[in-house]
Amino acid sequence: MGSYDKKDEVIAALQARVETLESLLLSHSNFNSTYYASPHAAEITDDSCAMIPDRGMPASHVAEIINQFHSCDFNPRLNTSSYVNVVSEPEERQVAILGARVNLADASVYPASVMIHDTVVNMIAELWHAPHPTDGSGNYCGAGTVGSTEACLLAGLALKFRWREWYARTKGLDPQCQAVLGIRPNLVISTCYQAAWEKFFRYFDVHPKFCKPKLLENSMSVDAKELCALCDEETIGVVAILGNHYNGAYDPVWEINDEIQKVNQANGFQVGIHIDAASGGFIAPFQPEMESKPFDFRLSNVLSISSSGHKFGESICGTGWVVFRQREDLAEHIAVTVTYLGGHCDSLTLNFSRPASGVYVQYYKLLRLGMDGYRSKVRNQMKVASFLRESLRNMKNADGVNYFQILDAGGSACLPVVAARLNPQLHVPYDDIDLQHALSESHWYVSGYALGFEDPCGGDEELSLCSDVSPDTTMFRIVVKSNLTMKLAQNLKKQFEITLPILDTMEDGYRSMHSAKELMEKERAKAALDDVFVTTSVVKVAKKWMGMRKSGVQKLMGYEFMEEEKGSHLRQSRRGSLAC
Ligand SMILES: Cc1ncc(COP(=O)(O)O)c(C=O)c1O
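Below: a short report on this structure.

What counts, and at which threshold
Residues numbered from 1 in each chain as written. Predicted model: local features only at pLDDT ≥ 70, side-chain atom pairs only at ≥ 80, totals over all residues. Helix = DSSP H or I, 4+ residues; strand = E, 2+ residues; numbered from the N terminus. Contact = placed C-beta atoms within 7 Å. Near = placed C-beta within 6 Å. Nonpolar A, V, L, I, M, F, W, Y, C, P; charged D, E, K, R; others polar. Core = buried A, V, L, I, M, F, W, Y, C linked by C-beta atoms within 7 Å. Buried ≥ 20, exposed ≤ 12 C-beta atoms within 10 Å, placed from the backbone. Domains from an automatic or database assignment. Pairing = 2+ DSSP bridges. Axes fitted to C-alpha atoms, helices over the stretch in contact; angles between N-to-C directions. Parallel < 35°, antiparallel > 145°, perpendicular 65-115°, else oblique. Left-handed = near helix turned anticlockwise from the far one by under 90°. Arc of directions from axis to C-beta.

**Focus: the environment of M395**
Here is step 1: Following the sequence through the fold, M395 ends up in the loop between helix 10 (357-394) and strand 10 (404-406).
Here is step 2: Every residue in contact with M395, bar those within four places of it in the chain, is listed here: Y403, F404, F496, E497 and L500.

Next comes the structure, spelled out in structure tokens:
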């Protein structure tokens, strides 16, 4: 019995040994083979519920796996929906990698990197004509952030706490008493706000007071009088959008400044303006026509400005900037003082830790381009935008009717954005979102969207963004980033010219598709399913009615089929097609 026990032990030990040797052999062969000859290339994995692997793998194999995912992304250069810069120089990428190793929260270890941060804030504050700092530090008051969203949140918070102090002072109350803290103040803004502000309203308990611009008469630019008339004693500030993301129009900051002055004087308020210049912050200063239209700290009621470095600031990394007019009674409300190397400095950001890549690359870009470089770049972008706008304006169908109605602010004092919609007089059975999907056959991404929104603080009612069009009106935009050169724009024009007649010839197909969409909506409501999935039967009907293969349906309708064990489901992907 005893000798049998021993035999089993020996077998078990040998088995363990064999397994170790096998695994050593496997990892050794992994190290020596290319990814494609390694077991990883043929390994079936469930990426949706991945777990950390028991054993690591060679660095080149890991990089290859990530590259494979990356190659399944779209081509960002042909994405005209997004404002995000996607081109970079090799030196810039090296600088970004250098910055990735630096955590800016650790000012004691990285004082020189913090100095680069402060220098960039100073450069941008100068660009936006901020009043010179008076505290003797030589530094303007501002911060590098992850993007415009964080910058807007910070600016909004400074306004909220500034208002609280003012309100308490005016009413003779303690700012921390319930009578003050219990008030949910408001922020006045155009309905064409970007979703960054939805975060602000919801996270920081401020309710929006919306001003609806007109699309057809006023190109989505708010009326300064109407905007400022919304202010009351619970208003923390007014936001002017320097380049709304829908069509690139600037809110008239110069007029808003005058109007707010009047409202403040008449009511004894101290409402100030925040400029959300996510895109315009690095465009407007380089447009000659803006010399007669001050849009920044030259206007006395402008308290803060924010912008995205990774949009027209040309940074390749997520980067945002916020600059405050002053520290006193503004930035001080959100400042947390940190000590380092025997000194101390203000931290104005939501998060302490962040890589220095964005700061480094922004510094690189400001030095690399200089004022002259930004000017030429903006000139090119506006020129390409004009080319595309005129091309769309002149496109006609077989009966000589214009295909498009241009809906942007034109070629001057606005972002390099072309916005349009299919001419309503065409009465075609397809819409701008169908056009988006049809164009994507040629790899171009031109996002179409409906002009509706839901109140971020409640209610599911679909409201209209503009006072003169219904929420189901659709349009599309083409953002002319620096990578959208004339050569590429000519190709895009050609793709429009190829695609539109095809859509026209598919008339009945589109009519049935739209009927199918209506049916799907009804079916979804009936089945009380969530808003993502509709039933298999509807898909079958849709496919039958459309007489198309599912890939065609997916592309043209913006609906995506997902094969599941239970059968086919139709996933709605029409929502959220707007990128930042
Ligand atoms: C007007 C405006 N504000 C804020 C944002 C948010 O910017 P970010 O993506 O840099 O956070 C955007 C993005 O497009 C924008 O257009």
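**A word on the site of the ligand**
Here is step 1: If you check the shell around the ligand, you find 15 residues, and the closest are G147, S148, T149, Q194 and A278.
Here is step 2: The dominant element in the shell around the ligand, judged by the number of residues it contributes, is helix 5 (residues 148-171), at three residues.
Here is step 3: Considered class by class, the residues forming the shell around the ligand number six nonpolar, eight polar and one charged.

**What to know about the nonpolar core**
Here is step 1: V238 and V323 are the most contacted members of the largest nonpolar core, which has 137 residues in total.
Here is step 2: Looking at this core, the element that brings in the most residues is helix 10, giving 13 residues.
Here is step 3: Built from parts of two domains, this core gets at least three residues from each of domain 2 (98-368) and domain 3 (506-580).
Here is step 4: Filtering out sequence-adjacent residues up to four positions away, V238 remains in contact with V188, L227, C228, C231, I256, I260, V271 and I273.

**A word on the sheet that holds strand 12 (residues 448-450)**
Here is step 1: Ordered in space as 10-11-15-12, the four strands form an open sheet in which the pairing is antiparallel. One side of each edge strand has no neighbouring strand; the edge strands of this open sheet are strand 10 and strand 12. Adjacent strand axes in the sheet meet at a mean angle of 35° when their direction is disregarded.
Here is step 2: Inspection of the sheet shows strand 11 (residues 417-422) paired to strand 15 (residues 474-479) by four bridges, in the antiparallel sense. Each residue of the ladder has a partner; that of V417, found in strand 15, is V479.
Here is step 3: Along the sheet, helix 10 contacts strand 10, strand 11 and strand 15; its crossing angle with strand 11, the most-contacted strand, is approximately 15°.
Here is step 4: The strands that helix 11 (residues 432-439) touches are strand 11, strand 12 and strand 15; relative to strand 15, the one it contacts most, it runs at about 45°.

**What about the pairing of strand 3 (residues 207-211)?**
Here is step 1: Of the strand pairs in this sheet, strand 2 (residues 186-190) and strand 3 are connected by five bridges, and their pairing is parallel. Counterpart to N186 in the pairing with strand 3 is H207.

**Focus on the pairing of strand 15**
Here is step 1: In terms of burial, strand 15 is a largely internal element, five of the six residues being buried.
Here is step 2: Relative to strand 15, strand 12 runs antiparallel, the two being bridged by three bridges. Each residue of the ladder has a partner; that of A450, found in strand 15, is T474.

**Focus on the sheet that holds strand 4 (residues 235-241)**
Here is step 1: Pairing within the open sheet is mixed, and its seven strands lie in the order 1-7-6-5-4-2-3. Edge positions in the open sheet fall to strand 1 (142-145) and strand 3, since each of these has one partner strand only. When strand polarity is set aside, the average angle formed by the axes of neighbouring strands in this sheet is 20°.

**Examining the packing of helix 11 against helix 12 (residues 486-505)**
The relative placement of two packed helices comes down to the angle between their axes together with the axis-to-axis distance.
Here is step 1: It is the contact of helix 11 with helix 12, at a shortest axis distance of 10 Å, that shows an interaxial angle of 120°. On the basis of the axis angle, helix 11 is oblique to helix 12. Helix 11 and helix 12 meet at a crossing whose hand is right-handed. Contact residues: helix 11 offers L435, A438 and L439, while helix 12 offers Q495, T499 and L503.
Here is step 2: Looking at the contact of helix 11 with helix 12, its residues break down into four nonpolar, two polar and no charged.

**Description of the environment of R55**
Here is step 1: Residue placement: R55 occurs in the loop between helix 1 (2-32) and helix 2 (59-71).
Here is step 2: Along the backbone, R55 and S23 are 32 residues apart, and their C-alpha atoms lie at a distance of 9.3 Å.

**Quick word on helix 7 (residues 196-203)**
Here is step 1: Here helix 7 has its buried residues at A196, W197, F200 and F201. Buried positions in helix 7, seen along its axis, are confined to an arc of 135° and lie on one side of it.
Here is step 2: Turning to helix 7, the residues buried within the fold contact helix 5, strand 2 and strand 3.
Here is step 3: D205 sits one or two positions beyond helix 7 and adopts a positive phi of about 55°.

**Some words on unusual backbone geometry**
Here is step 1: Unusually for a residue other than glycine, M220 sits at a positive phi of about 70°.
Here is step 2: Relative to the elements of secondary structure, M220 occurs in the loop between strand 3 and helix 8 (224-229).
Here is step 3: Located in the positive-phi region is H443, a residue other than glycine, with phi close to 75°.
Here is step 4: Tracing the backbone through its elements, the reader meets H443 in the loop between helix 11 and strand 12.
Here is step 5: Residue classification places H443 among the partly exposed positions, given that 13 C-beta atoms sit within 10 Å.

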